[in-house]
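Next come the chains, spelled out residue by residue.
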Amino acid sequence: RRPCKGCRITSTTSNAHCVTMTLHPLHGLDDEQRRSLLAFYRSQEALGNLKITSSDFRDGELLVVNYTDQFNSSTAPEDWGWRMEAARGCVFFKAHNRAPEVVVRAMPKFHGYKHCAEAQQYLDDGDGLVTVMQKFDGSCISVTCYCGEVLLFTRGVRLNFQTKLARSLLNEKTMASLEEMEGRSLAFELIHQLDAKCEESRGPDRLVLLYVCEATGVMVPVTELEPIAQTLCLDCATCEHMTGNTVMQRIEVLNAATSLEELREGFVVDILGKRYKVKSQLYQSLARNPIPRPNQAWLHKCFSKSKCLEDVRHLVGNMRDAPLDYFTLAENLLDRHLARITEQVVRLRELHQQFQSPRDLQLDDTIAKEDKTVLFPCLRLPVGERDAWFESEACHFKVAQSLVGRFAERSHRGFPVSSGRLVLSGAPGKRSVQDWAEGLDCVVTLLRGDEVNERNLDLATELAQTGVEWLHLPISGAALQGSDDQAAVKAAASAVVQRVTQGKAVAVHCSAGLHRTGIVGYLTLRLLGHSMASSFELLGQIRWETRRELERLHFKNESTTPDTPGQLVSVAEELLEAESC
């Protein structure tokens, strides 16, 4: 079974007789065809035309296949072929001595209309109807349920910043619905303020459903996606029917934008069953432009590489030659930031009077690090000169740096679990325990008493000073050979369940954050009602290294560490069964 040349309709007999149902190119391949396809992709990887990234999964590995930017930019549409068009983030599962399985039938490649004479001619003629899908400037996220577990991918990898942002937007109801869609491949556009793109005004953080391929291989028309989006409680791409003339008129409007507020990427158009990108020339030029957008992250970089306020003003002035309204935005951004300095200076002037020397300040654990950074130069001066220092350019610059630096601070720790947040971690290292525990309500320590002492940790005292609850529930080691170990695992997991259901942020740690932390984290998720597959999925979101270690132990009987851990998942399942009896 092979796709018809030049279209995505699958032929069941010959290229002259196509069925009316649109099937994905990777549907219906037998074992040998999938082996051959993966071998082809590996040969293309050796040529630099695509990249394959792997990650552990159960008793095998997941392989994410994606063509390279160089191949994309240098290859004409007619030279791609169906295998490379399907390599737009498709995913395989491969286990030893077994044929690869297709996990994600990703949205096939669609080309820019200007690279396809047929599409350009159709739009230029102007009278023909097309289906237009609004394109936001976001990241493409593929989602599927495989072996009972919901998996998220970008076009190139399984786990990165974008997949974490996307997963944070999926609530428990949506995840439950996805778990019932075993075998479906879905594609979403991730729109998130932390995923910086060219477009400035994209609305609230959200996922927009763009594409669905059924387990049967049928690619759902974009006009029929709304019921699926409603089931998932997510947004859906909007479609309109219009003539080619209207499409080109809208692109002219986008090209005439004079501000970032008006900037839009463009559309995806469906012409006679094929999809094409129609982007504004203005957007494309800005996407290739090395000049950064003036936003809070840009301002942070300006301050971090400057030595004084004049340096920052110079960088803002460089925006005069930037496109659109970059310079105006940059000026306003700096003005708003500088306006906050005065109130901070007043506060710090009062605060510094509590300290006689830099050492007094260093020993005070109640003062924020950012405030200490500003006050240290002041406290090194003679007492009579300190008050005047707050009027100096040096003081104002340090305060401005402190303020902009707080943009990058973590407002939350861990990953959302139940009503709270869960952190899985190794033991605190050289930095202070109070810094390590920032943003937490409770810390659960699984180290033995001698391990705590060897690390010179005084968790009880240091956490109490910041109002963080400390629970010490020691487990002897990864092998769980202590007589009280299983009881400690159960007690720790139960304690975490109680606190996250109360909306608290809880950190669980042992030494490396793998085995003891892993079994407590896994049992916590099981006690909260998650399935085994869902618990592994959440473990990967909370801490990938912990999930990978438990997965290798359970499915491959392997460990990444030299010790001999117990069968942690099996023990947790036994404790769960005993709990339910």
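The coordinates are above.
All figures in this text were calculated on a predicted structure; none of them were measured in a lab.

Visitor: Explain the overall build of the protein chain residue by residue, including any values.
Guide: Looking only at helices and strands, one finds 25 helices and 18 strands in the protein chain. Its C-alpha atoms give the protein chain principal-axis dimensions of roughly 90 × 70 × 45 Å. Counting every position in the protein chain, which comprises 581 residues, the buried fraction comes to 50%. Across the protein chain, every contact between residues at least 6 apart in sequence was considered, and the portion connecting residues at least 24 apart equals 68%. For the protein chain, the exposed surface amounts to about 27000 Å²; the carbon and sulfur share of it is 48%. Distance between charge centroids for the protein chain: 3 Å, based on 67 positive and 76 negative side chains.

Visitor: Quick one: what's the story with the pattern of salt bridges, residue by residue and with numbers?
Guide: Where charged atoms from two side chains of opposite charge come close, those side chains can pair. Here the structure, examined in full by the defined rule, presents 24 salt bridges. Residues Asp-31 and Arg-34 are paired through a salt bridge, measuring 2.5 Å at the closest nitrogen-oxygen approach. Placement of both Asp-31 and Arg-34 in helix H1 (residues 31-46) is noted, with a separation of 3 residues, approximately one turn of the helix. Given the relative accessible area of 40%, Asp-31 is considered partly exposed. Residues Glu-240 and Arg-250 are paired through a salt bridge, measuring 2.9 Å at the closest nitrogen-oxygen approach. Taken together, the residues Glu-240 in strand E11 (residues 239-243) and Arg-250 in helix H8 (residues 244-255) connect sequence positions 10 residues apart. On the basis of relative accessibility, which here comes to 39%, the residue Glu-240 falls in the partly exposed class. Its relative accessible area of 30% is what places Arg-250 among the partly exposed residues. Among the ionic contacts, a cluster of salt bridges with common partners joins Arg-58, Glu-149, Arg-547 and Glu-551.

Visitor: Go over the environment of Met-133, please, and point to the residues and values.
Guide: Examined against the element boundaries, Met-133 turns out to sit in strand E5 (residues 129-135). Take Met-133: its relative accessible area is 6%, and that puts it in the buried class. On a C-alpha basis, the gap between Met-133 and Pro-204 in space is 19 Å, while along the polypeptide they are 71 residues apart. Sequence-distant contacts of Met-133, that is, excluding residues within four places in its chain, are made with Leu-210, Val-222, Ala-237, Thr-238, Cys-239, Phe-267 and Val-268.

Visitor: Describe the packing of aromatic side chains, and please don't skip the residues or the numbers.
Guide: Summed over all chains, the structure comprises 11 aromatic pairs. The interplanar angle of 55 degrees and the centroid separation of 5.8 Å between the aromatic rings of Phe-40 and Tyr-41 together place this pair among those described as tilted. Among the residues examined, Tyr-41 registers a relative accessible area of 0% and is labelled buried. Joined through ring pairs, the aromatic side chains of Phe-40, Tyr-41 and Phe-92 make up one cluster. Lying across the ring of Phe-40, Arg-83 places its NZ or CZ 3.6 Å from the centre. The ring of Phe-110 carries Arg-88 above its face, with NZ or CZ at 5.0 Å from the centroid.

Visitor: Explain the packing of helix H24 (residues 544-556) against helix H25 (residues 568-580) residue by residue, including any values.
Guide: For the pair H24 and H25, the least separation of the axes is 8 Å and the interaxial angle reads 85 degrees. Of the possible angle classes, the one that applies to H24 and H25 is roughly perpendicular. The residues of H25 that touch H24, namely those facing Leu-550, Leu-553 and His-554, are Leu-568, Val-569 and Ser-570. Residues belonging to the contact of H24 with H25 are distributed by class as follows: 4 nonpolar, 2 polar and no charged.

Visitor: So what about the sheet that holds E5? Which residues, and what values?
Guide: Spatial ordering of the open sheet is given by E11-E5-E12-E13, a layout of 4 strands whose pairing is antiparallel. In this open sheet, the two strands that pair with only one neighbour each are E11 and strand E13 (274-279). Each strand axis lies, on average, 35 degrees off the axis of its neighbour in the sheet, ignoring direction. Bridge count for E5 against E11 is 5 bridges, and the pairing is antiparallel. Across the sheet, Thr-131 pairs through a bridge with His-241, a residue of E11.

Visitor: Tell me about the state of the cysteines, and name the residues and values.
Guide: Each disulfide is one covalent bond, formed between the sulfur atoms of two cysteines. Applying the stated criterion to the full structure yields 0 disulfides. Cys-239 carries a free sulfur, and the closest cysteine sulfur to it, the one in Cys-236, is 6.9 Å from it. Looking at the unpaired Cys-302, the closest cysteine sulfur is the one in Cys-308, lying at 13 Å. Since its relative accessible area comes to 3%, Cys-302 is described here as buried.

Visitor: Could you give me a rundown of the environment of Ser-402, with the residues and numbers involved?
Guide: Along the chain, the position of Ser-402 falls in helix H17 (residues 393-405). Its relative accessible area of 12% is what places Ser-402 among the buried residues. Along the primary structure Ser-402 and Lys-369 are separated by 33 residues, whereas in three dimensions their C-alpha atoms are 9.5 Å apart. If we skip the residues at most four places from it in the chain, Ser-402 touches Glu-370 and Val-374.

Visitor: Let's hear about the side chain of Gln-344: which residues, and what values?
Guide: Here Gln-344 is to be found in helix H13 (residues 341-352). On the accessibility criterion, Gln-344 (15% relative accessible area) is buried. Polar side-chain contacts of Gln-344 include one of 2.9 Å to the side chain of Arg-347. Gln-344 has contacts with Val-399 and Leu-403, leaving out every residue within four places of it along the chain.

Visitor: Tell me about the nonpolar core, residues and numbers included.
Guide: If you look at the biggest cluster of nonpolar residues, it comprises 41 residues, and the most contacted ones within it are Trp-298, Phe-303, Phe-390 and Val-399. Of all the secondary-structure elements, those providing two or more residues to this core are helix H9 (281-288), helix H10 (296-304), helix H11 (309-317), helix H12 (326-339), H13, helix H15 (369-379) and H17. In terms of residue count, H17 provides more of this core than any other element does, 6 residues in total. When neighbours within four sequence positions are excluded, Trp-298 is seen to be in contact with Pro-292, Arg-293, Leu-315, Val-316, Met-319, Ala-330 and Leu-333. With 37 residues, the next largest nonpolar core counts Val-489, Ala-495, Phe-536 and Ala-572 among its residues.

The rules we used
- Residues numbered from 1 in each chain as written.
- Predicted model: local features only at pLDDT ≥ 70, side-chain atom pairs only at ≥ 80, totals over all residues.
- Heavy atoms only, no water.
- Helix = DSSP H or I, 4+ residues; strand = E, 2+ residues; numbered from the N terminus.
- Buried < 20%, exposed > 50% of the residue type's maximum accessible area, 1.4 Å probe, protein only.
- Contact = heavy atoms within 4.5 Å.
- Areas by Shrake-Rupley, 256 points an atom, 1.4 Å probe, with all protein chains shown as cover.
- Lys, Arg positive; Asp, Glu negative; His and termini not counted.
- Charge placed at Lys NZ, Arg CZ, Asp CG, Glu CD.
- Salt bridge = Lys/Arg side-chain N within 4 Å of Asp/Glu carboxyl O.
- Phe/Tyr/Trp six-rings, centres within 6.5 Å; stacked < 30°, edge-to-face > 60°.
- Lys NZ or Arg CZ within 6 Å of the ring centre and 35° of its normal.
- Axes fitted to C-alpha atoms, helices over the stretch in contact; angles between N-to-C directions.
- Parallel < 35°, antiparallel > 145°, perpendicular 65-115°, else oblique.
- Nonpolar A, V, L, I, M, F, W, Y, C, P; charged D, E, K, R; others polar.
- Pairing = 2+ DSSP bridges.
- Disulfide = S-S within 2.5 Å.
- Polar contact = N/O pair within 3.5 Å; in protein donor to acceptor, adjacent residues only side chain to side chain.
- Core = buried A, V, L, I, M, F, W, Y, C linked by side-chain atoms within 4.5 Å.

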